[in-house]
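# Close look at the chain arrangement
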Amino acid sequence: MRGYVLHGRGDASFGEIQVPPLGPYDALVRTTAVATCTTDVHMINAAPYPNAIGKPLGHEGVGVVEKVGDLVRDFTPGDRVILSAGGADWRIPQAQRGEAKYYPNNMPYFSEDPLQGGVFAEYVRALDADMSMAPIPDGVSDEQALMVPDMVATAFTGVERMQIEFGDIVAVLGVGPVGLMGVAGAALKGASRIIVIGSRPKTLDLARRYGATDVIDYKQGPVVDQVLALTGGVPVDSVLVASGGSASDQFTTAFRIVKPGGHIANVSLYYEDTVTLPMDALSYGGIEKFFTGVFVQTGREFYTRLLRLIEQNRLDPTGLITHRFDGWDQLPEALDLMRSRNPDVIKPIVTV
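Overview of the structure. (Residues numbered from 1 in each chain as written. Predicted model: local features only at pLDDT ≥ 70, side-chain atom pairs only at ≥ 80, totals over all residues. Heavy atoms only, no water.)

## Things to note about the pattern of salt bridges
In a structure, side chains of opposite charge can pair up when their charged atoms sit close to one another. Within the structure shown, the criterion is met by 16 salt bridges. Between R208 and D205 there is a salt bridge whose closest N-O contact spans 3.0 Å. Remark: D205 and R208 occur in helix 6 (residues 201-210); sequence separation between them is three residues, near one turn of the helix. Between D336 and R339 there is a salt bridge; the shortest N-O distance is 2.5 Å. In this pair, D336 and R339 are both assigned in helix 11 (residues 331-339), three residues apart and thus about one turn of the helix distant. Relative accessible area serves as the criterion here: at 44%, D336 is assigned to the partly exposed category. (Salt bridge = Lys/Arg side-chain N within 4 Å of Asp/Glu carboxyl O. Helix = DSSP H or I, 4+ residues; strand = E, 2+ residues; numbered from the N terminus. Buried < 20%, exposed > 50% of the residue type's maximum accessible area, 1.4 Å probe, protein only.)

## Things to note about the packing of helix 5 (residues 177-189) against helix 6
Between helix 5 and helix 6, the shortest axis-to-axis distance is 8 Å and the interhelical angle comes to 20 degrees. By the angle between their axes, helix 5 is roughly parallel relative to helix 6. Where helix 5 crosses over helix 6, the handedness of that crossing is right-handed. Between helix 5 and helix 6, the residues in contact are L180, M181, V183, A184 and A187 and T203, L206, A207 and Y210, respectively. Of the residues assigned to the contact of helix 5 with helix 6, the class counts are eight nonpolar, one polar and no charged. (Axes fitted to C-alpha atoms, helices over the stretch in contact; angles between N-to-C directions. Parallel < 35°, antiparallel > 145°, perpendicular 65-115°, else oblique. Left-handed = near helix turned anticlockwise from the far one by under 90°. Contact = heavy atoms within 4.5 Å. Nonpolar A, V, L, I, M, F, W, Y, C, P; charged D, E, K, R; others polar.)

Take a look at the structure:
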């Protein structure tokens, strides 16, 4: 079969690869749509994980079940499904404590199995299919479902860590696709005021559509001053950090605008620097400010709940999609868009 394989730092291309064999609990899924991500670009540029070399890239995909193992109970060929982005290991004792996601042993980038590849391939093996995949309801399109395993799931995991209560004032630092879904999640959680910090007109406009009540352009002045001017000097209840750039700048801003006892959830993976926080951000005014580094929740039960929101018209994540391509040959162009820093690019997808 064909797959878009990482060969080394700065080197990825299409090639012929082996169709992975199925275990009794696994499924083989024919990929029907994938999305490109800044993580994919980082993987190509830096090749940070040795186990990823020689495997197809990609972690955002949906498809149709082609074949199932003998002990798969809940899926049959022809089912439309979401593929897991997190690679949680459901076969370890810690999974019984709700900790499966902390052990992403089945993620292609970490797995020692040379045939456990990503979704940029004609076929993908879903390990522990009954646990890792989720059926896509008839009323949900492939495009909608494609945004669920990473963009929606990552953002909503972060929003849950913010501990939002009805009527809270929250801030979202960064309005890329995850930040935008964070806005939607905070609105669904009952925040009364959602302050969004960004600079791109396209994403700021979309943030308003998803529920932002106030938008701040960080290029127009210090973010802390702008936020406190909006709130009358009152710190916000919680902050979602969904921006890259300087970690020190983002985290310092978050600590300075959140209230004592407030929650900060960071869903960003890659930063330009190591983190240094000034003591005045952590001193008396920083008493019991809670900071959580967020890793995406995964698994069938969580995906199913997110899909229900779409099915019941409570959420439509397709507003994130700015570029649509048809066919595997268009995948490199979709990846180039993620590298381009084009302000009009939010999320490219490829239908195959």
